[in-house]
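Chains, contacts and geometry: an overview
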Amino acid sequence: MTLDLFPDEPSTLPAGSQEWLGPQAVVLRGRALALDRDLVQAIDTVTRQAPFRHMVTPGGQTMSVALSSCGPLGWVTDRRGYRYSPVDPQTGMPWPAMPEVLQDLARQAASDAGFANFEPDACLINCYEPGTRMGLHQDKDERDLSQPIVSVSLGIPALFQFGGLSRSERPARVPLFHGDVVVWGGVDRLRFHGILPMKNATHPLLGERRINFTFRKAG
Ligand code: MD6
Ligand code: FE
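Scope of this entry: the structure provided in the associated data block. Everything numeric in this text was worked out from a predicted model, so none of it was measured. (Residues numbered from 1 in each chain as written. Chains lettered and ligands numbered in written order. Predicted model: local features only at pLDDT ≥ 70, side-chain atom pairs only at ≥ 80, totals over all residues. Heavy atoms only, no water.)

A separate point is the sheet that holds strand S10 (residues 172-176). Taken together, 4 strands build an open sheet; the order of strands is S7-S12-S9-S10 and the sheet is antiparallel. Looking at strand neighbours, the two that pair on one side only are strand S7 (134-137) and S10, the edges of this open sheet. Direction aside, neighbouring strands of the sheet carry axes that sit 20° apart on average. Across 3 bridges, strand S9 (residues 158-162) lies against strand S12 (residues 193-195) in antiparallel orientation. The residue of S12 that forms the bridge with phenylalanine 160 is isoleucine 195. (Pairing = 2+ DSSP bridges. Helix = DSSP H or I, 4+ residues; strand = E, 2+ residues; numbered from the N terminus. Axes fitted to C-alpha atoms, helices over the stretch in contact; angles between N-to-C directions.)

Pasting the structure below:
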């Protein structure tokens, strides 16, 4: 028997609603829904050139989440550390271009959330399957921490953990569904966050997967 992940939640929350997680952190429910087919197409285009792969952390652990990137800079990790790189270490080629649908969505969602003129130069694409997780972390490899991050969720639902500025602060749990967009920056930019282990589920467009895009101004 499989248990419903969120028995008390509808399968999506009202599209168009805004849920503030902090003074400068907001969930834009369903903000990407109308674009979902174009976004899935963009994933296919990018990952034909830069396939999803499991990277190794500096500590030597293989990540359960599979990654790809597009845009001028891609986020990479290996035994030497975390960093942004203009080339895909797997192919030695530049990362695929950032499809326009992705750039436009990131810019508009940032603007909705109060961050005008966001021009991302990196789009990290995470692929989660049931059982995978992302441990609590801060995003601090970007040069200009005054720029926000825009995060787009597609596919099966996840429970997002959103904590404080220290690892010890108990994180809130926020369900994220297909089409939800989270934007954060400013005073909330360095808050710890993660994804709890993914439950079994199937999505009509993406199957047993969750895809998350995070857009950053990294360089
Ligand atoms: C995820 N997201 O949603 C993991 N980081 O799959 C992140 O790690 C993240 O959503 C920075 C800003 C937004 C995010
Ligand atoms: Fe992150």
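Further remarks concern the site of ligand 1. As a structural note, the neighbourhood of ligand 1 is formed by Tyr128, His137, Asp139, Ile149, Ser151, Trp184, His193, Ile195, Arg210, Asn212 and Thr214. Its free accessible area being 340 Å², ligand 1 has 99% of it covered by the protein chains. More than half of the atoms belonging to ligand 1 lie within 2 Å of the grid points that define the largest pocket. Elements supplying a minimum of two residues to the shell around ligand 1: strand S8 (149-155), S12 and strand S13 (210-216). Looking at which element gives the most residues to the shell around ligand 1, the answer is S13, with 3 residues. (Near = heavy atom within 4 Å. Areas by Shrake-Rupley, 256 points an atom, 1.4 Å probe, with all protein chains shown as cover. 1 Å grid on protein atoms, 1.4 Å probe; cavity = no way out; pocket = protein on both sides within 12 Å on 5 of 7 lines; lining within 4 Å. Sits in = over half its atoms within 2 Å of the grid points.)

Of the protein atoms, only His137 (NE2), Asp139 (OD) and His193 (NE2) coordinate the iron ion (ligand 2), at distances of 2.1 to 2.2 Å. Along the chain, the residues donating to the iron ion (ligand 2) fall in the pattern H-x1-D-x53-H. (Donors = N, O, S within 2.8 Å, 3.2 Å for Na, K, Ca; no water.)

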